[in-house]
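Structural description and commentary
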Amino acid sequence: MVTENSDQIIKRILEKFPGVGDDEFTHEEREYVLEIARNKNPQPSQEYLSRMQYGILVDAKVPASIGRIRNYEYAMPQDQQPYKISDATVERKLNRLYEQDKSNSLEDGHGMVVASSASLGLNPHMELQDAPICENERIVLFLCGGGFIISDAPIGKWYYLRMSKEMGQRLFVPKYSVAPKHVFPRAVHDVYTACTHLLAQGFKPGNITLCANSAGGSIAAATLLLLNECKMPMLSRCILVAPILDLTMSQDSWIRNKDNCTLSQTPLLTDPKCISRLYYGHTDNAEPESLYETFRHPLLSPLFSSDLSCLPPLQIHVGDHDVLLDDSRLFAQKVNQAHRDCRSDEKMHAELITYPEKNHFSIMRGKTQLDKVYGSIRRFLDTP
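Right, let's walk through the structure included here. This structure is a prediction, so every number in the text was calculated from the model and none was measured.

Criteria and cut-off values
Throughout this description, residue numbers start from 1 for each chain and increase along the sequence as written. Owing to the predicted nature of the model, reporting of local features is limited to residues with pLDDT of at least 70; listing and counting of side-chain atom pairs is limited to 80 or more, with chain, interface and lining totals taken over all residues. Calculation of side-chain values draws on the structure's entire complement of heavy atoms; hydrogens and water are dropped beforehand. Buried Ala, Val, Leu, Ile, Met, Phe, Trp, Tyr and Cys residues that are joined via side-chain atoms within 4.5 Å together make up what is termed a nonpolar core. Type-normalised accessible area, obtained with a 1.4 Å probe on protein chains alone, sets the label of each residue: buried when under 20%, exposed when over 50%, and partly exposed for intermediate values. In this description a helix means any DSSP run of H or I spanning at least four residues, a strand means any run of E spanning at least two, and both kinds are numbered starting from the N terminus. Contacts between residues were defined by any pair of non-hydrogen atoms, one from each residue, lying within 4.5 Å. Any carboxyl oxygen of Asp or Glu within 4 Å of a side-chain nitrogen of Lys or Arg constitutes a salt bridge here. Pairing of aromatic side chains requires ring centres within 6.5 Å, counting the rings of Phe and Tyr and the six-membered ring of Trp. Pairs whose planes differ by under 30 degrees are stacked, by over 60 edge-to-face, and all others tilted. A positively charged side chain is recorded as over a ring if its NZ (Lys) or CZ (Arg) lies within 6 Å of the ring centre. The angle to the ring normal must also be within 35 degrees. For two strands to be treated as a pair, DSSP must find at least two bridges joining them. Orientation is described by axes fitted as lines to C-alpha atoms, over the contacting stretch for helices, and by angles from 0 to 180 degrees between their N-to-C directions. What sets the label is the angle itself: under 35 degrees gives roughly parallel, over 145 gives roughly antiparallel, 65 to 115 gives roughly perpendicular, and the rest give oblique. Put simply, a crossing is left-handed when the front helix is turned counterclockwise from the back one by less than a right angle, and right-handed when it is turned clockwise.

**Remarks on the nonpolar core**
Counting 75 residues, the largest nonpolar core has Ile219, Leu226, Tyr279, Leu311 and Phe331 as its most contacted members. In terms of residue count, the dominant contributor to this core is helix H7 (residues 215-229) (nine residues). Setting aside residues up to four positions removed in sequence, Ile219 forms contacts with Leu143, Phe148, Tyr176, Ala187, Val188, Val191 and Tyr279. Ranked by size, the runner-up nonpolar core spans 26 residues in total, among them Val140, Phe142, Cys211 and Tyr374.

Laid out in C-alpha cells, this is it:
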C-alpha cells in the first residue's frame with residue numbers, strides 16, 4: 001500500500017477547489033486539510049466526532065503568541081421586552097421563545113470571545129471577558145455559515161483568530177440554534193439575544209460590527225431588521241460574505257452558475273431536504289407554490305423586505321461564480337435605492353465587491369484571496 005505524503009494529499013484535495021493553488025493555502029488551512037484527509041475511517045470515530053464539536057474550539061493548544069479563545073454562556077438580559085413586530089404570526093413564534101427564555105426553560109446561549117494577540121494591545125494576558133476592555137472598544141459579532149444546520153466550523157478557532165487579527169478587534173461568536181432540531185425563528189432569536197447581551201455588557205451599538213457568511217448572512221440581515229422593528233439601537237455596520245438572502249432560491253444565478261459552484265447541488269424547494277425547508281420546519285406536505293410565498297417573509301428572505309432604509313452601512317462580498325450572486329447584487333441595489341428614496345442621498349450605502357471566478361467556497365480560500373477580502377474589510381471598518 002502506497003502512503004501519500006503531505007504534498008500528494010494537498011494536490012488531491014485541491015482538485016476539488018478549482019482556482020486555488022497550493023501556494024495560496026494559509027498554514028492553518030493546509031494543516032486542517034491534512035487532518036481531514038488523513039482520517040481514513042468511512043465512519044469517523046467518536047474521538048474524531050468529538051473534536052468536531054463546539055468545545056474543541058476552545059482548546060488550550062492555541063499558542064498565546066497567536067491569541068486566545070474563551071467560552072461563555074449568555075442569557076437574555078432581564079430587562080429585554082417582548083417582541084413587537086408587524087407580522088402577528090412571527091411575533092407569536094418569537095414571543096413563545098421569549099417566554100421560554102424568561103422562564104429559563106431554554107438552554108442558555110453559548111458564545112466564544114476570540115482575540116488575536118494583535119487585537120489585545122499591550123497586555124496579551126488580560127482577562128478575556130465578554131465586556132469592553134476599554135471605554136470605546138469595538139467588537140465584531142460574527143455568525144458562522146453552515147446551511148442553517150451547523151453554526152460553528154471545525155476550523156473555527158483558526159478562522160476566527162485570523163479574522164480577529166485582520167480586523168484588529170475581538171470577536172464574539174454565538175453558537176446559534178440550528179435545524180432540524182430548532183427551526184425558524186429560533187436562530188434569529190438567539191442572535192438578537194446575543195446583540196442585546198453585548199449591549200447589556202456595556203458595548204455601544206456604534207462600536208459593534210455584525211459580520212456573517214453564507215447562511216449566517218441571512219440570519220444577520222434578519223436580526224438587523226428585527227432590531228429595527230423592536231425599536232432597538234442599530235449596530236454600527238454589517239459585513240456579509242456570500243450571504244443567502246433569498247430562501248426561495250429563485251434568482252437567475254442559481255441556473256447561470258450551476259456548473260461553477262458546488263452549492264448548486266443543494267436541493268431546491270421541491271425537495272423536502274431543501275435547506276430553506278429544514279430551516280423553516282414543518283413543510284413536509286406543503287406545495288412549492290405556497291412555500292415560495294412563505295419564504296418571501298423578510299425575516300426569512302431579507303431581499304424581499306419592503307424597507308431596507310433602516311440598515312447600517314453594508315459591505316457585501318461574493319464570487320461571480322456563486323449561485324448566490326444575484327441575492328447579493330439585488331440586495332445591494334435595493335438597500336442603496338431605499339437610502340436614496342428615504343434620504344435623498346446619492347452616497348452608496350451598500351458596497352458590493354465581486355471576485356472573478358470565485359464561487360461560494362473559494363471566496364474565502366487561499367492566502368491571496370483572503371488578503372483581498374480582509375484588505376477591503378479593513379478599509380470599510382476604518383471609514384468614518
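**Thoughts on the pattern of salt bridges**
All chains considered together, the criterion is met by eight salt bridges. Its salt-bridge partner being Arg162, residue Asp371 comes within 3.1 Å of it at the nearest N-O pair. Remark: Arg162 occurs in helix H5 (residues 156-167) and Asp371 occurs in helix H12 (residues 367-382); sequence separation between them is 209 residues. Glu351 is paired through a salt bridge with Arg379; the nearest N and O atoms lie 2.8 Å apart. Here Arg379 lies in helix H12 and Glu351 lies in strand E8 (residues 350-355), a separation of 28 residues in the sequence. Glu351 gets classed as buried once you look at its relative accessible area, which sits at 16%. According to the relative accessible area criterion, Arg379 is partly exposed, its value standing at 42%. Among the charged side chains, a salt-bridge network with shared partners connects Arg162, Glu166, Asp371 and Arg378.

**Observations concerning the packing of aromatic side chains**
Here the structure, examined in full by the defined rule, presents seven aromatic pairs. Measuring from ring centre to ring centre gives 6.1 Å for Phe184 and Tyr280, while their planes differ by 25 degrees; the resulting arrangement is stacked. With Phe184 in the loop between strand E4 (170-175) and helix H6 (186-200) and Tyr280 in helix H9 (residues 275-280), this pair connects stretches of sequence that are 96 residues apart. According to the relative accessible area criterion, Phe184 is buried, its value standing at 3%. The interplanar angle of 70 degrees and the centroid separation of 5.7 Å between the aromatic rings of Tyr280 and Phe295 together place this pair among those described as edge-to-face. With Tyr280 in helix H9 and Phe295 in the loop between helix H10 (288-294) and strand E7 (314-319), this pair connects stretches of sequence that are 15 residues apart. An aromatic cluster of three or more residues is present, and its members are Phe148, Phe184, Tyr279, Tyr280 and Phe295. Its guanidinium or amino end placed over the ring of Phe380, Arg237 lies 5.3 Å from that ring's centre, counting from NZ or CZ. Arg296 extends its terminal NZ or CZ atom over the ring of Phe304, reaching a point 4.0 Å from the ring centre.

**Things to note about the sheet that holds strand E1 (residues 67-74)**
Within the open sheet, the eight strands sit side by side as E1-E2-E4-E3-E5-E6-E7-E8. Their pairing is mixed. Of all the strands in the sheet, the pair left with one neighbour each is E1 and E8. Averaged over neighbouring strand pairs, the angle between their axes works out to 20 degrees when direction is ignored. Across five bridges, the pairing between strand E3 (residues 139-143) and strand E5 (residues 208-213) is parallel. Across the sheet, the residue bridging to Ile139 is Ile208, located in E5. Taken strand by strand, H6 contacts E1, E3, E4 and E5, and its axis lies near 165 degrees from that of E3.

**A look at the packing of helix H4 (residues 88-102) against H6**
Where H4 meets H6, the axes come as close as 10 Å, and the angle between the chain directions of the two elements is 55 degrees. Classified by the interaxial angle, the pair formed by H4 and H6 is oblique. Between H4 and H6 lies a crossing of right-handed hand. Seen from H4, the contacting residues are Leu94, Leu97, Tyr98 and Asp101; seen from H6, they are Arg186, His189 and Thr193.

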